[in-house]
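# A closer look at the structure
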2 protein chains.
Amino acid sequence: MPSAEQTPAPRSLAERLDHLFQVIHPADRGPFSYHEVAQAIREQAGTDGPTVSHGTLQQIRTGAKTNPTIKTLEAIAAFFGVPAAYFLDDTVADRVDARLRELKAAATQSGRPVRLPADPRQDELADVLADSNIRAVAFRLAGLSPRALKGLRAIVDQVRAVEGLPEVGRAKKAS
Amino acid sequence: MPSAEQTPAPRSLAERLDHLFQVIHPADRGPFSYHEVAQAIREQAGTDGPTVSHGTLQQIRTGAKTNPTIKTLEAIAAFFGVPAAYFLDDTVADRVDARLRELKAAATQSGRPVRLPADPRQDELADVLADSNIRAVAFRLAGLSPRALKGLRAIVDQVRAVEGLPEVGRAKKAS
DNA sequence: GTCCAGTATCCACTGAAGTAGACGCAGAAA
DNA sequence: TTTCTGCGTCTACTTCAGTGGATACTGGAC
């Protein structure tokens, strides 16, 4: 039952970031570019939050820099919607990767949401934010009591109805 | 599941390191000194591992430096026997602190120094196994609008607060 | 073919993290 | 008392993480 992941090799920081780039991206296109991520982090952070340059992203991903500061790490993690501990802790990394697979499967099942036909580039941005927000919610579920989760499930079902989304059959259980 | 801890959870990096200094030390004496920790890390690491100077320890603990590199963090965490994610992730920090309290209570009776030889992350396996309810919610998130997801995130955060769970996400609140 | 927009990579520069020595201040021993 | 030892703090210096512009490459539009 614990779909035992057998990626035994303790992956390096570069490999972990590369993995995020490969796995997390809009469904209808390829991975993010360094400039994209850097700019998104810059906008999302505003004035208070930490930012990361495209150069730093490239250097960390390619292994040229192996010892970033925690603020850099947190900024990157926040963009991809994963806890910063993902880069430091094998256990956290495995759990996150497992959940990422679940979310990816769920997203492909429900199909792409239809969005306003505005600027196609903004459409992609909205897609990205959606994925990121899903992860933000999903990670917050850990530790909640079954009772609370049941209540939340009902709430989400109601929200789905409001937004005109189909019901989720409980038979869906992509292993 | 962790009983709702009421202790004032250390939040900032400085507070967390200070907490480790206060909690983890030989039973028959006071806390470690910076020089002690620095030298112990130096010896324990040998030639390959990362080291930390006494100045760095003091600066981080007092808040003079708030953005260390991950190798510095890992070296400190290794000495105190806690996962490096302790400094970044509230959930990990709470779990470790709970375990530390247990060990301290047991150690003060037996007169042994407080250490963390065991892996404090084994508890997370239970969380993973209890994920069926989480999956049920997560599946329903796919396709929802960013606006709805943001609202749900707030709801989940409130539920977490009600159940005494720590906040999720970037723990940093750079003053 | 020529542009052009977007990409990854490289690299000189800036600034902050890390270092290690100096300093002052305790408390204990002589 | 003085001396010594060990402590935390401070700080000049070194090192390297982070930045951002330059560069070259690619694929598509014309």
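Moving on, we come to the protein's contact with DNA strand D. Around DNA strand D sit 19 residues in total, of which S53, T56, K65, T69 and T72 of chain A are the nearest. A distance of 3.3 Å is found between a base oxygen of DNA strand D and a side-chain nitrogen or oxygen belonging to Q59 of chain A. In the model, a base nitrogen of DNA strand D is placed 2.9 Å from a nitrogen or oxygen of the K65 of chain A side chain. Elements supplying a minimum of two residues to the surface near DNA strand D: α3 (54-62) of chain A together with α2 (34-45) and α3 (54-62) of chain B. Here the residues of the surface near DNA strand D sort into 3 nonpolar, 15 polar and 1 charged.

Now for the confidence of the model for chain A. When pLDDT drops low, the exact placement of atoms in the prediction is not to be read closely. All names here are of chain A. Mean pLDDT over chain A works out to 72, with 62% of the residues at or above the 70 mark. Per-element confidence in chain A is highest for α3, whose mean pLDDT is 96, and lowest for helix α6 (residues 120-140), whose mean pLDDT is 52. Counting interchain partners and residues more than four positions distant, the pLDDT-below-50 stretch residues 1-8 has 2 contacts. Confidence drops under pLDDT 50 across residues 110-130; counting only partners more than four residues distant or on other chains, this segment forms 21 contacts.

Before going further, it helps to examine the packing of helix α1 (residues 13-23) of chain A against helix α4 (residues 70-80) of chain A. Residue and element names in this part refer to chain A. Running from N to C, α1 and α4 cross one another at 25°; their axes reach a closest spacing of 11 Å. It follows from the interaxial angle that α1 and α4 lie roughly parallel. Viewed along their axes, α1 and α4 form a crossing whose handedness is left-handed. Within the contact between the two elements, α1 uses L13, L17, L20 and F21 and α4 uses L73, I76 and F80. In the contact of α1 with α4, the residues fall into 7 nonpolar, no polar and no charged.

The next subject is the pattern of salt bridges. Residue and element names in this part refer to chain A. Tallying each qualifying case throughout the model produces 5 salt bridges over all chains. Of the charged contacts in the structure, one is a salt bridge between R11 and D97, with a shortest N-O distance of 2.8 Å. Linking R11 in the segment before α1 with D97 in helix α5 (residues 90-110), this pair joins segments that are 86 residues apart in sequence. Under the relative-accessibility criterion, D97 is labelled buried at 7%.

Turning next to the side chain of D89 of chain A. Relative to the helices and strands, D89 of chain A is located in the loop between α4 and α5. For D89 of chain A, the side chain forms a polar contact with the main-chain nitrogen of V92 of chain A, separated by 3.2 Å.

With that settled, consider the packing of helix α1 (residues 13-23) of chain B against α3 of chain B. At a closest axis distance of 6 Å, the pairing of α1 of chain B and α3 of chain B adopts a crossing angle of 115°. Touching L13, A14, L17, D18, F21 and Q22 of chain B of α1 of chain B are L57, I60 and R61 of chain B, all from α3 of chain B.

This brings us to the protein's contact with DNA strand C. Q59 of chain A together with S53, T56, T69 and T72 of chain B are the nearest of the 19 residues found near DNA strand C. The sugar-phosphate portion of DNA strand C accounts for 67% of its atoms within 4 Å of the protein, the bases making up the rest. Taking Q59 of chain B, its side chain carries an N or O atom lying 3.3 Å from a base oxygen of DNA strand C. Between T69 of chain B and DNA strand C, the recorded distance is 2.8 Å, taken from a backbone N or O atom to a phosphate oxygen. When residues of the surface near DNA strand C are traced back to their parent elements, those giving at least two are α2 (34-45) and α3 of chain A together with α3 of chain B. Partitioning the surface near DNA strand C into residue classes produces 3 nonpolar, 14 polar and 2 charged.

With that settled, consider the packing of aromatic side chains. Residue and element names in this part refer to chain A. Using the criterion set out here, one finds 10 aromatic pairs over all chains in the structure. Centre to centre, the rings of F21 and Y34 are 5.5 Å apart; their planes meet at 75°, and the pair counts as edge-to-face. With F21 in helix α1 and Y34 in helix α2, this pair connects stretches of sequence that are 13 residues apart. Among the residues examined, F21 registers a relative accessible area of 0% and is labelled buried. The exposure class assigned to Y34 is partly exposed, which follows from its relative accessible area of 21%. When the centroid spacing of 5.4 Å and the interplanar angle of 80° are considered together, the rings of Y86 and F87 count as edge-to-face. Owing to a relative accessible area of 0%, Y86 belongs among the buried residues under this scheme.

About the criteria used
- Residues numbered from 1 in each chain as written.
- Chains lettered and ligands numbered in written order.
- Predicted model: local features only at pLDDT ≥ 70, side-chain atom pairs only at ≥ 80, totals over all residues.
- Heavy atoms only, no water.
- Near = heavy atom within 4 Å.
- Polar contact = N/O pair within 3.5 Å; in protein donor to acceptor, adjacent residues only side chain to side chain.
- Helix = DSSP H or I, 4+ residues; strand = E, 2+ residues; numbered from the N terminus.
- Nonpolar A, V, L, I, M, F, W, Y, C, P; charged D, E, K, R; others polar.
- pLDDT = per-residue confidence, 0-100.
- Contact = heavy atoms within 4.5 Å.
- Axes fitted to C-alpha atoms, helices over the stretch in contact; angles between N-to-C directions.
- Parallel < 35°, antiparallel > 145°, perpendicular 65-115°, else oblique.
- Left-handed = near helix turned anticlockwise from the far one by under 90°.
- Salt bridge = Lys/Arg side-chain N within 4 Å of Asp/Glu carboxyl O.
- Buried < 20%, exposed > 50% of the residue type's maximum accessible area, 1.4 Å probe, protein only.
- Phe/Tyr/Trp six-rings, centres within 6.5 Å; stacked < 30°, edge-to-face > 60°.

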